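Coordinate inspection notes
One letter stands for each residue in the lines below.
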Protein chains: 2
Amino acid sequence: MRYSRQRELIANMLKNRKDHPTADMIYASAREIEPNISLGTVYRNLKQLSEEGTILTLETQDKKIHYDGDVSRHSHFLCDKCGKIIDLFQPAETPKELNQLGLVVSSEKCVYYGICPDCQK
Amino acid sequence: MRYSRQRELIANMLKNRKDHPTADMIYASAREIEPNISLGTVYRNLKQLSEEGTILTLETQDKKIHYDGDVSRHSHFLCDKCGKIIDLFQPAETPKELNQLGLVVSSEKCVYYGICPDCQK
DNA sequence: TCGTTATCAGTAATGATTACTATTATTATA
DNA sequence: TATAATAATAGTAATCATTACTGATAACGA
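Residues numbered from 1 in each chain as written. Chains lettered and ligands numbered in written order. Predicted model: local features only at pLDDT ≥ 70, side-chain atom pairs only at ≥ 80, totals over all residues. Heavy atoms only, no water.

1. Digging into the overall build of chain A
Counting its secondary structure elements, chain A contains 5 helices and 5 strands. Reading chain A from its N terminus to its C terminus gives the helix and strand order α-α-α-β-β-β-β-α-β-α. In terms of overall dimensions, chain A has C-alpha extents of about 45 × 45 × 25 Å along its principal axes. For chain A, with 121 residues in total, the buried portion stands at 41%. On chain A, roughly 7,200 Å² of surface is accessible, and the fraction owed to carbon and sulfur atoms is 52%. Of the charged side chains in chain A, 17 are positive and 17 negative, and the gap between their average positions amounts to 4 Å. (Helix = DSSP H or I, 4+ residues; strand = E, 2+ residues; numbered from the N terminus. Buried < 20%, exposed > 50% of the residue type's maximum accessible area, 1.4 Å probe, protein only. Areas by Shrake-Rupley, 256 points an atom, 1.4 Å probe, with all protein chains shown as cover. Lys, Arg positive; Asp, Glu negative; His and termini not counted. Charge placed at Lys NZ, Arg CZ, Asp CG, Glu CD.)

See below:
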């Protein structure tokens, strides 16, 4: 993969913020620094960076993909009402500790990613 | 919520199958029994049923929502290559046990849902 | 049985994401 | 350092899963 100023900008922006922005939010921020960057470029690079493992994705109920520049091991809390995303770093991931953070948890979704036995052949 | 033949059909179909179909897959199956059911009806009812907690959703990388009629506590394995979804019932959710199932796990995503402190006020 | 209204079928609209194309920028190599 | 090969880009059009809309139908309490 070749170097590109646009990709570097996008990656750095994600590393320097603690929220979980969508593509259009990143596009808006990137425009302030690189006024001619296009939305397609943002999408393409977000896809590349996430496939590389440089950033993470978070598929939520709002039909938009949220991106996370923090690839350290942590989970997320998603508010069913306002859609807010809260980082959960260990060891705050037991029902007790979640309650102590003031979070009322109603459900939990855990997904593992990798290669299945069929595709390993 | 009123009774509807269409909603009952959709719910029953999901309860009776062990895969994780998308809306259009459910639409196709439903058409075989209820030939005039519309795609909009399928989407509307899937949304209602999942908001109720009768069924679960699984947001994957393929941009389609997958539905699961099994609401018992379990996780999922998602193959990065073929997109296959595999149910993981406890206690098969430790790295060791996942390996014993022949699954090479490269990453893991855990999300909790509920109401955040702000929205509880 | 009747009135209210949730639900439906069918279709149009939405909107996030991807594809396309001519141009520009990176990088390996002479 | 100049050059050729080709990723990557900006700008725009297309895709397609999902939602919204509308007039007709069906559930169900009174």
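2. Considering the relation of the copies chain B and chain A
The operation relating chain B to chain A is a screw motion whose rotation component is 180°, with 0.0 Å of axial translation and a residual RMSD of 0.0 Å. As the rotation angle and translation indicate, the two copies are arranged about a two-fold axis. Among all residues of chain B, the minimum C-alpha distance to the rotation axis is found for Cys110 of chain B, at 2.2 Å. Counting the interface residues of chain B, we find that 100% of their copies in chain A are interface residues as well, pointing to one common contact surface. (Least-squares fit on C-alpha atoms with pLDDT ≥ 70 in both. Contact = heavy atoms within 4.5 Å.)

3. As for the protein's contact with DNA strand D
Not every one of the 21 residues close to DNA strand D is listed here, only the nearest: Ser4, Thr41 and Arg44 of chain A together with Tyr43 and Ile65 of chain B. Each atom of DNA strand D within 4 Å of the protein was classed as base or backbone; sugar and phosphate made up 74%. Contacts to DNA strand D include Tyr3 of chain B, whose backbone N or O atom sits 3.1 Å from a phosphate oxygen. Here Lys63 of chain B contributes a backbone N or O atom positioned 3.5 Å from a sugar or linking oxygen of DNA strand D. Of all the secondary structure elements, the ones that give two or more residues to the surface near DNA strand D are α1 (5–16) and α3 (39–52) of chain A together with α3 (39–52) of chain B. The greatest single-element share of the surface near DNA strand D, amounting to 4 residues, is contributed by α3 of chain A. Within the surface near DNA strand D, the residues separate by chemical class into 5 nonpolar, 7 polar and 9 charged. (Near = heavy atom within 4 Å. Polar contact = N/O pair within 3.5 Å; in protein donor to acceptor, adjacent residues only side chain to side chain. Nonpolar A, V, L, I, M, F, W, Y, C, P; charged D, E, K, R; others polar.)

4. Topic: the pairing of strand β1 (residues 56–59) of chain B
All names here are of chain B. When β1 meets strand β2 (residues 65–68), the two strands line up antiparallel, connected through 4 bridges. The partner of Thr57 across the bridge, within β2, is Tyr67. Connecting the antiparallel pair β1 and β2 is a turn made up of 5 residues, with Lys63 showing a positive phi of about 70°. (Pairing = 2+ DSSP bridges.)

5. Brief notes about the pairing of strand β4 (residues 85–89) of chain A
Residues and elements named next belong to chain A. In this structure, strand β3 (residues 74–79) lies alongside β4, joined through 5 bridges in antiparallel fashion. Considered in β4, the bridge of Phe77 is made with Ile86. The hairpin formed by β3 and β4 contains 5 residues between the paired strands, and Gly83 there has a positive phi angle of roughly 80°.

6. Concerning the domain arrangement of chain A
Residues and elements named next belong to chain A. For chain A, the assigned domains read domain 1 (5–68) and domain 2 (75–120). In this structure, domain 1 and domain 2 have C-alpha centres spaced 22 Å apart. Taken together, the contact pairs 7 residues of domain 1 with 5 residues of domain 2. For the interface between domain 1 and domain 2, the tally reads 0 salt bridges. Taken together, domain 1 and domain 2 are joined by 3 residue pairs in polar contact (both at pLDDT 80 or more). Here the side of domain 1 that touches domain 2 is built from residues that sort into 1 nonpolar, 4 polar and 2 charged. (Domains from an automatic or database assignment. Salt bridge = Lys/Arg side-chain N within 4 Å of Asp/Glu carboxyl O.)

7. Observations regarding the interface of chain B and chain A
Taken together, the 39 residues of chain B in the interface contact 39 residues of chain A. In total, chain B and chain A occlude about 3,800 Å² of area from one another, counting both sides; carbon and sulfur atoms represent 53% of this. The largest share of the area that chain B buries against chain A comes from Lys109, Tyr112 and Tyr113 of chain B, three residues that together contribute 25% of it. The interface formed by chain B and chain A contains 6 salt bridges. A salt bridge links Arg73 of chain A to Glu108 of chain B, with the nearest nitrogen and oxygen atoms 3.5 Å apart. Our count for the chain B to chain A interface comes out at 25 residue pairs in polar contact (both at pLDDT 80 or more). Listing elements by their share of the side of chain B that touches chain A, those giving two or more residues are β1, β3 (74–79), β4 (85–89), β5 (104–115) and α5 (117–120) of chain B. (Buried area = accessible area lost by both parts, 1.4 Å probe.)

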